[in-house]
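A look at the structure
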Amino acid sequence: MGNGIEFTCKKCGHTDSAMFGVGFLFPDVYQNTVSEIKAGKYGSKWKELFEQIPGAAVNAEEELYVCPACGGYASEPNLTIYEPKDPAISKVHNEVFAIANPASGQEYVVPWELAGDYRRVKVFVHKCPECGKRMHKYRAGDRLRCPKCRQGWMEETGYLNWD
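The notes below deal with the structure included here. Throughout, residues of each chain are indexed from 1 in the direction in which the sequence is written. Only residues with pLDDT of at least 70 get local features here, since the model is predicted, and only at 80 or more are side-chain atom pairs given and counted; chain-wide, interface and lining totals rely on the full set of residues. Water and hydrogen atoms were dropped before computing side-chain values, which therefore reflect all heavy atoms in the structure.

Once that is clear, we can look at the side chain of Thr80. Secondary structure is summarised from DSSP: a helix means a run of H or I of at least four residues, a strand means a run of E of at least two, and numbering begins at the N terminus for each. Residue placement: Thr80 occurs in the loop between strand 5 (73-77) and strand 6 (81-84). Whether a residue is buried, partly exposed or exposed follows from its accessible area with a 1.4 Å probe, protein chains only, as a fraction of its type maximum: under 20%, in between, or over 50%, in that order. Of the residues examined, Thr80 reaches a relative accessible area of 4% and is grouped as buried. Counted as a polar contact is a pair of N or O atoms within 3.5 Å, where, for protein atoms, one must be capable of donating a hydrogen and the other of accepting one, and residues adjacent in sequence contribute only when both atoms are in side chains. One polar contact links Thr80 to Asn78, side chain to side chain, over a distance of 2.5 Å. Any pair of residues with heavy atoms lying within 4.5 Å of one another is described as a contacting pair. Apart from residues lying up to four places away in sequence, Thr80 is in contact with Ala57, Val58, Asn59, Arg120, Lys122, Val123 and Phe124.

It is worth spelling out the side chain of Thr8 at this point. By the element assignment, Thr8 lies in strand 1 (residues 2-9). With relative accessibility at 18%, the residue Thr8 sits in the buried group. When neighbours within four sequence positions are excluded, Thr8 is seen to be in contact with Gly13, His14, Thr15, Trp153, Met154, Glu155 and Thr157.

As defined by bridge partners, strand 1 adjoins strand 2 (residues 15-21) across 7 bridges and the pair is classed as antiparallel. Looking at strand 2, one finds that Gly2 is bridged to Gly21. In short, DSSP must find at least two bridges between two strands for them to pair.

This part covers the sheet that holds strand 3 (residues 57-58). Spatially, 3-6-9 is the arrangement adopted by the 3 strands of the open sheet, whose pairing is antiparallel. Each having just a single partner strand, strand 3 and strand 9 (118-122) make up the two edges of the open sheet.

On to the packing of aromatic side chains, then. Ring pairs are drawn from Phe, Tyr and Trp, using the six-membered ring of Trp, whenever the two centres fall within 6.5 Å, and their geometry is named by plane angle: stacked under 30 degrees, edge-to-face over 60, tilted for the rest. Counted according to the given criterion, the structure contains 4 aromatic pairs. Ring geometry for Phe7 and Tyr138: centres 5.6 Å apart, planes at 80 degrees, overall edge-to-face. Of this pair, Phe7 sits in strand 1 while Tyr138 sits in the loop between strand 10 (136-137) and strand 11 (144-145), and the two are 131 residues apart along the sequence. Look at Phe7 and you get buried, because its relative accessible area is 2%. Look at Phe26 and Tyr30: their rings are 6.2 Å apart centre to centre, the planes differ by 55 degrees, and that puts the pair in the tilted class. Remark: Tyr30 and Phe26 occur in helix 1 (residues 26-38); sequence separation between them is 4 residues, near one turn of the helix. A relative accessible area of 2% means that Tyr30 is categorised as buried. Directly above the ring of Trp153 sits Arg143, whose terminal nitrogen or CZ lies 3.9 Å from the centroid. Any Lys NZ or Arg CZ found within 6 Å of a ring centre and within 35 degrees of that ring's normal is scored as a charge over the ring.

The quantities given are spatial measurements derived from coordinates; they are silent on function.
What follows is the structure in structure tokens.
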């Protein structure tokens, strides 16, 4: 259900990986993300926006974000907010999500539902934990600074599938 990339520093050999997408625990991840938004973890403006939109949904899919200024990176939920195209759309799922996590009766919206049943309202601006500049989603070839030696650059050395 998810994939990822393994990175290795050319200078010191440090390895790191980033996971993307959704795993079998996604319904729980979705609910936790909504709780964090409502608790103000992503700022009071994001909380207010989410609470003001009837039937609001969030993209809780994990993404890798990169700072073009310093090469810092972080794996975080996307956090884009959506509104339903039809107010009658329910976020309650009564089918089994995964054998290891049935999640029947839970409220969540998977990314492929967002693409069809929802309209994007606002994209969350991810800030670099290193320098505070705006980050963008990782694209092949982006330069990621090694978090261990802080002098080398990470290169893609493998791909992962999870769940």
